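Listed here are the chains, written in short residue letters.
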Amino acid sequence: PITLMTICISTALGNGLFNTILAMGIGGMAGPVRLLRAAIMGLRTQEYLEASTAINCSKAKIIFKHILPNAISPVIVFSTMSIGMVIMGAAGLSFLGLGVQPPTPEWGAIISGGRSFLFNAPWISIFPGIFLAVTGVGLSLLGDGLAKFFQVKGH
């Protein structure tokens, strides 16, 4: 559904870097918002929030001092792990001709442009594909490391 929505938004807005970023941002917004809501709902019943209310703290102070710092770590981890998927999604849009267009350099557009040279000069498509994969895996590993860091930090 996210890919289909991104393709529809990108088709409606047209080609270009800004429109691709906007389409990817709108398409990928549901996951972090749901995660943040779930984290906040889990924190609502904590005793320290009841104590803050009992000593007459303002709602803004409770939100910014107690709720958001404790609820934001899952969103940071999810966002870091999702950056690789967003980069691959943008490359996919460019590969299909719906994203960033040449002469702007973008991995999907470069891979797509090198398709006609696969037999004569395969490195035109292979190297951008390798760099795209390495970037996606690296960002996923960074997100995994952040998840372990925040898990250790919480205990």
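In what follows, the accompanying structure is described.

## Notes on the overall build of the protein chain
When helices and strands are tallied, the protein chain shows 7 helices and 0 strands. In the protein chain, the succession of α and β elements from N to C terminus is α-α-α-α-α-α-α. Once the C-alpha set of the protein chain is aligned to its principal axes, its extents read approximately 75 × 35 × 25 Å. The proportion of buried residues among the 155 residues of the protein chain is 28%. Of all intrachain contacts in the protein chain linking residues separated by at least 6 positions in sequence, the fraction that spans at least 24 positions is 58%.

## Observations regarding the layout of surface pockets
Taken as a whole, the largest pocket encloses approximately 510 Å³ of empty space. Put simply, the parts of the chain that give the lining of the largest pocket at least two residues each are α1 (2–13), α2 (17–27), α3 (30–43) and α5 (59–96). Counting residues per element, the lining of the largest pocket draws most heavily on α5, which supplies 10 residues. Along the lines of polarity and charge, the residues of the lining of the largest pocket split into 12 nonpolar, 10 polar and 1 charged.

## Some words on the side chain of Ser52
Mapped onto the elements, Ser52 comes out in helix α4 (residues 47–54). Residue classification places Ser52 among the buried residues on the basis of a relative accessible area of 5%.

## Brief notes about α2
Of all the positions in α2, only Asn19, Thr20, Ala23, Met24 and Gly27 are classed as buried. Across the axial projection of α2, the buried residues extend over an arc of 130°, all falling on one side. Facing away from the buried side of α2, by more than 90 degrees, are the exposed residues Phe18 and Ile21. Those residues of α2 that are buried lie in contact with α1 and α5.

## A look at the environment of Pro105
Relative to the elements of secondary structure, Pro105 occurs in the loop between α5 and α6 (107–113). Residue classification places Pro105 among the exposed positions, given a relative accessible area of 67%. C-alpha of Pro105 to C-alpha of Ile2: the two residues are 103 residues apart in sequence and 24 Å apart in space.

## A closer look at the nonpolar core
Ala39, Leu43, Leu49, Cys57, Ile62, Ile67 and Ala71 together form the largest nonpolar core, which totals 7 residues. Those elements that place two or more of their residues in this core are α3 and α5. Sorting elements by how many residues they give to this core places α5 first, with 3 residues. In this structure Leu49 touches Leu43, Arg44, Ile62, His66 and Ile67, once residues within four positions along its chain are discounted.

## Notes on unusual backbone geometry
At Asn56, a residue that is not glycine, the phi angle is positive and equals roughly 70°. If you trace the backbone, Asn56 turns up in the loop between α4 and α5.

## A look at the environment of Gly97
Relative to the helices and strands, Gly97 resides in the loop between α5 and α6. Note on Gly97: relative accessible area 31%, which makes it partly exposed. Between the C-alpha atoms of Gly97 and Thr3, which are 94 residues apart in sequence, the distance is 15 Å.

## Brief notes about a nonpolar patch on the surface
Together, Ile110, Phe117, Trp123, Ile124, Ile126, Phe127, Ile130, Phe131 and Val134 make up an exposed nonpolar region whose accessible area comes to about 850 Å². Per-element tally for the nonpolar patch: the top contributor is helix α7 (residues 123–154), with 7 residues. Tracing the chain through its elements places Ile110 in helix α6.

The rules we used
- Residues numbered from 1 in each chain as written.
- Predicted model: local features only at pLDDT ≥ 70, side-chain atom pairs only at ≥ 80, totals over all residues.
- Heavy atoms only, no water.
- Helix = DSSP H or I, 4+ residues; strand = E, 2+ residues; numbered from the N terminus.
- Buried < 20%, exposed > 50% of the residue type's maximum accessible area, 1.4 Å probe, protein only.
- Contact = heavy atoms within 4.5 Å.
- 1 Å grid on protein atoms, 1.4 Å probe; cavity = no way out; pocket = protein on both sides within 12 Å on 5 of 7 lines; lining within 4 Å.
- Points joined across faces, edges and corners; volume = space filled by probe spheres on them.
- Nonpolar A, V, L, I, M, F, W, Y, C, P; charged D, E, K, R; others polar.
- Arc of directions from axis to C-beta.
- Core = buried A, V, L, I, M, F, W, Y, C linked by side-chain atoms within 4.5 Å.
- Patch = residues over 30% accessible without salt bridge, like charges linked within 9 Å, V, L, I, M, F, W, Y side chains within 5 Å.
- Areas by Shrake-Rupley, 256 points an atom, 1.4 Å probe, with all protein chains shown as cover.
- Salt bridge = Lys/Arg side-chain N within 4 Å of Asp/Glu carboxyl O.

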